[in-house]
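# Examining the three-dimensional arrangement
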Amino acid sequence: MSSEAVATASGGPRARLDRALRHAAVKPLLWALLLTPLALLIHGAATDRLGANPAEALLRGSGDWSLRVLLLALAITPLREALRLPTLARLRRPTGLFAFFWCSLHLLAWAWLDQGLEPAALLADIAKRPFILVGSLAWGLLAVLALTSPQRVARALGGARWRSLHRGAYVAGLLGLLHFYWMKAGKNDFGEWAVHAAVLAALLGWRLWRRPRRAGGPR
Amino acid sequence: LAAVKSAVAGAVTMERPTSRADVTRYNNFYEFGTDKADPAKNAHTLKTRPWTVVIDGEVKKPRTLDIDALMKLAPMEERIYRLRCVEGWSMVIPWVGWSLAELIRQVEPTGHAKYVEFHTLADPKTMPFVGSRVLEWPYVEGLRLDEAMHPLTLLAFGLYGEVLPNQNGAPVRLVVPWKYGFKSAKSIVRIRFTAQPPRTAWNKAAPQEYGFYSNVNPEVDHPRWSQASERRIGEDGLFAKKRPTLMFNGYGAQVAQLYTGMDLRREF
C-alpha cells in the first residue's frame, strides 16, 4: 500500500472527500455536467437563441468544449496526485471519452453545417487547408484513444504500450491548440488562446517534471 | 430618413432583405468588441453629434463638413444591396445614402489622386476596444479612385429608412457591395485622396489573408475556408446547403470592367 493510500485510508476531510467521490452519483453527475453545454446549445438552436448565425455558434461552441473537456481530462491525474484523491482516477476515462464526444460533434458540425455532408468537399477541404487537417488529425487521434480505452483493450495491449499510446492525448491537445491558434490568428486575438495554452503547458510541464521521480511507477 | 428608390443600375436587388434585428445585432465593428453581438451591446457610447468629416489630400477643394451639411449634399436614395462578409455569410440590406461620386466631384481630385482612404473614428473614450491589439487604429480602408467613383459605391447614412444605428457605422459609412464587408469603413471622420495605395487595416494585420482589393471572388479562397459558398443570415436553415457565392457578389455586370486585364487571383 502506498503512503498516499495510507493517508487517505485514515480519517480526515480529505479521506471523506475521497470516499464521497466513490458515491454512485458521481459519474452520473459528471455526465450531466459535461452534457449541460450540449443541452444549452440544442435548446438555443431550437428556440432561435444562438444569434443570427446558429451554424457558426454550434461550430464554435462544440470546438470550444472539445478543447476544454480535453484539458479537463488531462488535468485529472495531476489533480489526483496534488490533492491526494485517488478516486479521481475513476473519472479520467469518462472525461476523456467526453472530449472525444465533443470533438466528434465539432467534426460533425463542420461536415454537416459547413460542408453540406459532401464527401468530395470534405476531403478537398482537409487536403487543402492545414487548419482543417490539423483539427481532423486531433479527432483521429482521440478516436484511437477512445477505441483503446476499455480495460480489456488496455490489458491486451500491455500496460507500458497502452500508457505510451495514451500519452497521445497530449499530442491531441497540442494539435487542438494549433487549430485554435490558426482560427484566432486571423483576428490577432490571442487572449482566450493564451489561457488554454497556459493550461496545457502547465499540465505538460507537470508530466515532464514528475517523470524522473516516479520512473516505472504506476500512472 | 426620406429617400427615393435609386435609379442606379444594380442598386436595388429583388432579394428578400435580412431582418432588421439580424442586420443590427450581428455586426463586425471591432472598436466595440470582436464578438458579433458586442457592437449592438457596446456602441451606445458612440456620440454621433457633433460630427465632422475632413476631406483632404490630393484635392483642389479640401473641406471639413459637418455631418448635417454632408447629409444634404445630395438627394438620399434607397439601395438594397447584398452584403458578403469575408467570413462566409451574407445579408441583404436596404441602405439609405448617395453615391460617393457626388462628393468626389465637388472636391475635385487633382491629377495625382489615384486612391481614396477612409478613416474610422478612433476614440478610446467612446470606443472601448480601440486599445486592443487586434488591429492598428484608426481603422483605415481604401479604394482605387475609379472604384470610389463607381455609382454603386455608396456613402450611407441610414438603413431600413432610419438613421444608421451606431453599431452599423453611424453617422456615415461606406458601402461597396462587390467587395467583402470589411472594405466598407464605418463611422468615417476623414476621407483622404492619395497618390500611393493606402495601407489598410486588415491588409496590415494579415496580408496573406486580406488583399487590398478584396473583391468578392468565389475562386480565391481564404487560407482557412473556401469562399465558393455562403450562408444567407436568417434565410438559409441550419441544415440547408450554403448558396454559391457570385463573382463580384453578383455585381459583375456593373463593375467587372474596372478590373479588365488584372489577374484577380494575384491581386485579390
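Since the structure is predicted, the reported quantities are computational estimates derived from the model, not experimental observations.

## Section: the overall build of chain A
- Per the secondary structure count, chain A includes 11 helices and 0 strands.
- Ordered by position from the N terminus, the helices and strands of chain A form the series α-α-α-α-α-α-α-α-α-α-α.
- Referenced to the eigenvectors of the C-alpha coordinate spread, the extents of chain A come out at roughly 55 × 35 × 35 Å.
- Here chain A holds 219 residues, and the buried ones make up 29% of them.
- A fraction of 67% describes how many contacts in chain A between residues 6 or more apart in sequence connect residues 24 or more apart.

## Thoughts on the interface of chain A and chain B
- The partner chain B presents 23 residues to the 17 residues of chain A that form the contact.
- Mapped by element, the contributors of at least two residues to the side of chain A that touches chain B are α4 (54–83) and α5 (92–114) of chain A.
- Residues belonging to the side of chain A that touches chain B are distributed by class as follows: 8 nonpolar, 5 polar and 4 charged.

## Examining the packing of helix α3 (residues 26–46) of chain A against α4(A)
Residue and element names in this part refer to chain A.
- At a minimum axis separation of 11 Å, α3 and α4 run at an interaxial angle of 180°. Relative to α4, the element α3 is oriented roughly antiparallel. Side by side, α3 and α4 meet where Leu34, Pro37, Leu41 and Ala45 of the first sit next to Pro54, Leu58, Gly61, Trp65 and Val69 of the second.
- By residue class, the composition of the contact of α3 with α4 is 8 nonpolar, 1 polar and no charged.

## Looking at unusual backbone geometry
Residue and element names in this part refer to chain B.
- Residue Arg49 is joined to Pro50 through a cis peptide bond whose omega torsion reads -10°.
- Along the chain, Pro50 falls in the loop between α2 (38–42) and β2 (52–57).
- Here the amide bond leading from Ala170 into Pro171 is cis, since omega sits at 0°, within 30 degrees of zero.
- By secondary structure assignment, the location of Pro171 is in the loop between β9 (162–163) and β10 (173–175).

## Observations concerning the UniProt feature "binding site: Mo-molybdopterin" (unreviewed entry) in chain B
Residue and element names in this part refer to chain B.
- Mapped onto the present numbering, the UniProt feature "binding site: Mo-molybdopterin" (unreviewed entry) falls on Asn27, Tyr30, Glu31, Cys85, Thr120, Asn168, Arg173, Ser184, Ala185 and Lys186.
- Structurally, Asn27 can be placed in the loop between α1 (20–25) and α2.
- Take Asn27: there are 25 C-beta atoms within 10 Å of it, and that puts it in the buried class.
- Setting aside residues up to four positions removed in sequence, Asn27 forms contacts with Lys36, Pro39, Ala40, Gln167 and Asn168.
- Within the element layout of this structure, Ala185 appears in the loop between β10 and β11 (188–194).
- Judged by local crowding, Ala185 falls into the buried class, with 27 C-beta atoms found within 10 Å.
- Once you skip the residues sitting within four places of it in the chain, Ala185 turns out to touch Phe118, Thr120, Tyr139, Glu141, Arg173 and Leu174.

## Describing the UniProt feature "domain: Oxidoreductase molybdopterin-binding" (unreviewed entry) in chain B
- Within this numbering scheme, the UniProt entry marks residues 47–202 of chain B as carrying the feature "domain: Oxidoreductase molybdopterin-binding" (unreviewed entry).
- Spanning residues 47–202 of chain B, this segment combines 13% helix with 37% strand, and its end C-alpha atoms are found 25 Å apart.

## A few points about the nonpolar core
- Counting residues in each nonpolar core, the largest one holds 66 residues, and the members touching the most others are Trp95(B) and Ala156(B).
- A per-element tally of this core places strand β5 (residues 89–99) of chain B first, with 6 residues.

## Quick word on the environment of Gln254(B)
Residue and element names in this part refer to chain B.
- Examined against the element boundaries, Gln254 turns out to sit in helix α7 (residues 252–255).
- Sequence spacing of Gln254 and Lys47 is 207 residues, and the spatial spacing of their C-alpha atoms is 36 Å.
- Setting aside chain neighbours within four positions, we find Gln254 in contact with Ala9, Gly10 and Leu152.

## Re the environment of Val23(B)
All names here are of chain B.
- Of note, Val23 is situated in helix α1.
- With 23 C-beta atoms counted inside 10 Å, the residue Val23 sits in the buried group.
- With 145 residues separating them in the primary sequence, Val23 and Asn168 have C-alpha atoms 8.1 Å apart.
- Once residues within four sequence positions are removed from consideration, Val23 is found in contact with Thr18, Met91, Ile93 and Leu159.

Cut-offs used in this document
- Residues numbered from 1 in each chain as written.
- Chains lettered and ligands numbered in written order.
- Predicted model: local features only at pLDDT ≥ 70, side-chain atom pairs only at ≥ 80, totals over all residues.
- Helix = DSSP H or I, 4+ residues; strand = E, 2+ residues; numbered from the N terminus.
- Buried ≥ 20, exposed ≤ 12 C-beta atoms within 10 Å, placed from the backbone.
- Contact = placed C-beta atoms within 7 Å.
- Nonpolar A, V, L, I, M, F, W, Y, C, P; charged D, E, K, R; others polar.
- Axes fitted to C-alpha atoms, helices over the stretch in contact; angles between N-to-C directions.
- Parallel < 35°, antiparallel > 145°, perpendicular 65-115°, else oblique.
- UniProt positions renumbered as here; feature names shortened; annotations may be inferred.
- Core = buried A, V, L, I, M, F, W, Y, C linked by C-beta atoms within 7 Å.

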